[in-house]
Amino acid sequence: QPWEFAGREGHKLLTEHYEVLTTTNDARLLETFPELLERSYEQYHSWVPAREEAPARMRVYLFNTRGEWVAFTRRFTGEHADIYLKIHNGGYSLRGVSVIQYVSHPVTFPLLAHEGFHQYLDQCVNPNVPAWINEGLAVVSECQRWTGGGLQEFDPWYNPSRRNHLGEALLRERLMPLQRLLDTHAGEVVLETSDVVRTYYAQVWGLMLFLWYGEDGKYAADFERLCDDLSKPGLDRRLRAEAMFTEGGELSRGAALFRAYIGEDISELDKQYQQFLRERIL
């Protein structure tokens, strides 16, 4: 359907779960976006079952130029615009809406899937999922293999840029300790240096791989149970109990979730996690 932004003619694309408002007029992209979004939705649902369907189609804005993205972001985020405008490649999710700037296929398609995962959690699962799993699975959503015929598959191991950043952090011995990774809120990360930001996102990707494949799959079933429980109402009560009875004071929500499902010995798990990264990434 026709749509317009700031005098520029664009399109409204409707799929089963999404409403895409875009200023691009590239016919091939207009065909590709809906498939990518719906395939991504299926992938999200396979990792984290939905509590319920979104009350309406989830909205995605996809702007063809940086200028359009900036103009919309200033209007949409108001007094917080300066924070969002620091995002170089133009992508964020806020209040259940994804706002994306088109850069190129290799940049924008993973970005759409990444922000789409945040949107999915917010609208269909639980808006209060700790950052290490929220960002971790969002980065795994970037792991796409494409052919000339379109999206071939999601492959959690295939993320060249994150792999490079993780390898660099390993070689320079700049990995964040697991405890810090579990405690960190993504909003805190964006205020750090670009090296710290890249390392954080690469490490939470590596953490997802560790929980699925590390120690011969030792933690995979517990991680799957954790993901299944994210939408259940009793989760917060369990986390509060976990934090309350931990020696040494209250835990962060992220650490409480990890301890409740994966293991209490964070120091030992950190050693296993870092060894896994050295063996599988370098």
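How each quantity is defined
- Every chain's residues receive numbers from 1 upward, in the order its sequence appears when written.
- In keeping with the model being predicted, local features are shown solely for residues with a pLDDT of at least 70 and side-chain atom pairs are shown and tallied solely at 80 or more, while totals for entire chains, interfaces and linings include all residues.
- Excluded from the side-chain calculations are hydrogens and water; all other atoms, namely the structure's heavy atoms, are used.
- Helix and strand definitions follow DSSP, with helices as H or I runs of at least four residues and strands as E runs of at least two, each counted in order from the N terminus.
- Helix span, expected: 1.5 Å multiplied by one less than the number of residues in the helix.
- Here's how the labels work: a residue is buried when its accessible area is under 20% of the maximum for its type, exposed when over 50%, partly exposed in between, all with a 1.4 Å probe on protein chains only.
- In this analysis, axes come from line fits to C-alpha atoms, helices being fitted only over the stretch in contact, and the angle between any two N-to-C directions falls in the range 0 to 180 degrees.
- Roughly parallel means an angle under 35 degrees; roughly antiparallel means over 145; roughly perpendicular covers 65 to 115; every other angle is labelled oblique.
- Here is the rule for handedness: rotate from the far helix to the near one, and if that takes an anticlockwise turn smaller than a right angle the crossing is left-handed, while a clockwise turn gives right-handed.
- Two residues form a contact once any of their heavy atoms are found within 4.5 Å.
- By convention in these notes, a salt bridge is any Lys or Arg side-chain nitrogen within 4 Å of a carboxyl oxygen on Asp or Glu.
- In this description, strands pair whenever DSSP reports at least two bridges between them.
- Ring pairs are drawn from Phe, Tyr and Trp, using the six-membered ring of Trp, whenever the two centres fall within 6.5 Å, and their geometry is named by plane angle: stacked under 30 degrees, edge-to-face over 60, tilted for the rest.

In this model helix H4 (residues 105-125) runs 28 Å from its N-terminal to its C-terminal C-alpha over 21 residues, within 8% of the 30 Å that 1.5 Å per residue would give. With 16 of 21 residues buried, H4 lies mostly within the body of the structure.

Another aspect to go through is the packing of H4 against helix H5 (residues 131-140). Two numbers describe how H4 lies on H5: the axes approach to 7 Å, and their chain directions differ by 140°. Comparing their axes, H5 and H4 come out oblique. The crossing of H4 and H5 is right-handed. Along its contact with H4, which presents His-114, Phe-117, His-118 and Leu-121, the element H5 presents Ile-133, Asn-134, Glu-135, Leu-137, Ala-138 and Val-139.

Here we come to the pattern of salt bridges. Enumeration according to the criterion identifies 14 salt bridges in this entry. The residue Glu-19 makes a salt bridge to Arg-59 at a minimum N-O spacing of 2.6 Å. Highlighted residues: Glu-19 in strand S3 (residues 18-22) and Arg-59 in strand S4 (residues 58-63), separated in sequence by 40 residues. We classify Arg-59 as partly exposed; its relative accessible area is 33%. Taken together, the shared-partner salt bridges in this structure form one network comprising Lys-12, Glu-19 and Arg-59.

With that settled, the discussion passes to the pairing of strand S7 (residues 144-147). Where S7 meets strand S8 (residues 150-154), four bridges bridge the pair, whose relative direction is antiparallel. Within S8, the position partnered with Gln-144 by the bridge is Phe-154. In sequence, S7 turns back onto S8 through a hairpin of two residues.

Moving on: unusual backbone geometry. Although it is not a glycine, Glu-173 adopts a positive phi angle of roughly 55°. Note on placement: Glu-173 falls in the loop between helix H6 (160-171) and helix H7 (178-183). Even without a glycine there, the phi angle at Asp-216 is positive, about 55°. For Asp-216, the location among the structural elements is in helix H9 (residues 194-217). Classification of Asp-216 by relative accessible area gives exposed; the value is 82%.

Counted according to the given criterion, the structure contains 28 aromatic pairs. Between Trp-3 and Phe-5 the ring centres are 6.2 Å apart and the planes differ by 20°, which places this aromatic pair in the stacked class. Trp-3 gets classed as buried once you look at its relative accessible area, which sits at 18%. Accessibility expressed as a relative area gives 6% for Phe-5, which makes it buried. Relative to Tyr-120, the ring of Tyr-44 lies with its centre 5.6 Å away and its plane at 40°, an arrangement referred to as tilted. Of the two residues, Tyr-44 is situated in helix H1 (residues 27-47) and Tyr-120 in helix H4; the sequence distance between them amounts to 76 residues.

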